[in-house]
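Coordinates in review
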Amino acid sequence: MTINTNNSIIPPFLQKGDSVEIVAPAKFVSKSEVDVSVKILESWGFLVKLKSAIFNKHNVFSGTILERKILLQEALDDINTKAVFFARGGYGTIHVLDQLDFTTFKKHPKWLIGFSDITTLLSHIQCVYNIASIHGPMIY
């Protein structure tokens, strides 16, 4: 069965011991809302990165536009992170999309996993860079 008919760039498949990061470029999220998912990811053998900035709050967002952009950019640029899980959608990713630099991400693609307003980011990396992502469940 062929699953990749457009010859997309496929990031490396995840393996036990890989580092994954949780980010929140949209609506704010609390620590208690992500704790269960962190435990699940760890039980699967992943090392979970969770920067304290993920819990920032600015109105309904997980920080200011600049804070959210920095958090997502750092996750995209970290060549040791093999996947980025999004905490939740809602609205807000569109605020940072045009400010992101995909130079390092193109050289070291990783899985981006989420849906809702995260779809704007997933569509962007597919259409512009031909890198596959996972339109799937989020952390919360």
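Structure report, in brief. (Residues numbered from 1 in each chain as written. Predicted model: local features only at pLDDT ≥ 70, side-chain atom pairs only at ≥ 80, totals over all residues. Heavy atoms only, no water.)

For the rest of this paragraph, the subject is the overall build of the chain. Scanning the chain for helices and strands turns up five helices and five strands. Order of helices (α) and strands (β) in the chain, N terminus to C terminus: β-α-β-α-β-α-α-β-α-β. Rg of the C-alpha trace for the chain: 14 Å, near the compact-globule value of 14 Å for 140 residues, within the 12% margin. Structurally, the chain occupies a C-alpha span of about 45 × 35 × 25 Å along its principal axes. (Helix = DSSP H or I, 4+ residues; strand = E, 2+ residues; numbered from the N terminus. Rg over C-alpha atoms; globule rule 2.2 N^0.38 Å.)

Applying the stated rule across the entire model yields four aromatic pairs. An angle of 50° between the planes, with centres 6.2 Å apart, marks the rings of phenylalanine 61 and tyrosine 91 as tilted. Of this pair, phenylalanine 61 sits in the loop between β2 (47-49) and α2 (65-77) while tyrosine 91 sits in the loop between β3 (81-86) and α3 (93-97), and the two are 30 residues apart along the sequence. For tyrosine 91, a relative accessible area of 47% puts it in the partly exposed group. Plain terms: the ring middles of phenylalanine 102 and phenylalanine 105 are 6.1 Å apart, the flat faces sit at 75° to each other, and that makes the pair edge-to-face. (Phe/Tyr/Trp six-rings, centres within 6.5 Å; stacked < 30°, edge-to-face > 60°. Buried < 20%, exposed > 50% of the residue type's maximum accessible area, 1.4 Å probe, protein only.)

This next bit is on the layout of surface pockets. Here the largest pocket is characterised by a volume of approximately 210 Å³. Taken together, Leu14, Ser37, Ile40, Leu41, Trp44, Phe46, Phe85, Ile113, Pro137, Met138 and Ile139 make up the full set of residues lining the largest pocket. Of the residues belonging to the lining of the largest pocket, the class tally is ten nonpolar, one polar and no charged. (1 Å grid on protein atoms, 1.4 Å probe; cavity = no way out; pocket = protein on both sides within 12 Å on 5 of 7 lines; lining within 4 Å. Points joined across faces, edges and corners; volume = space filled by probe spheres on them. Nonpolar A, V, L, I, M, F, W, Y, C, P; charged D, E, K, R; others polar.)

Here α2 contains 13 residues, and its C-alpha end-to-end distance of 18 Å stays within 8% of the 18 Å for a straight helix at 1.5 Å per residue. In this structure, the buried residues of α2 make contact with β1 (19-23), β3, α3, α4 (103-107), β4 (111-114) and α5 (119-129). (Expected span 1.5 Å × (residues − 1). Contact = heavy atoms within 4.5 Å.)

So, on to the side chain of aspartate 117. Following the sequence through the fold, aspartate 117 ends up in the loop between β4 and α5. Arginine 68 is the oppositely charged side chain nearest to the buried, salt-bridge-free aspartate 117, at an N-O distance of 6.7 Å. Within polar-contact distance, the side chain of aspartate 117 engages the backbone nitrogen of glycine 92 at 3.0 Å. Setting aside its immediate chain neighbours within four residues, aspartate 117 contacts Ala26, Gly89, Gly90, Tyr91, Gly92, Thr93 and Ile94. (Lys, Arg positive; Asp, Glu negative; His and termini not counted. Salt bridge = Lys/Arg side-chain N within 4 Å of Asp/Glu carboxyl O. Polar contact = N/O pair within 3.5 Å; in protein donor to acceptor, adjacent residues only side chain to side chain.)

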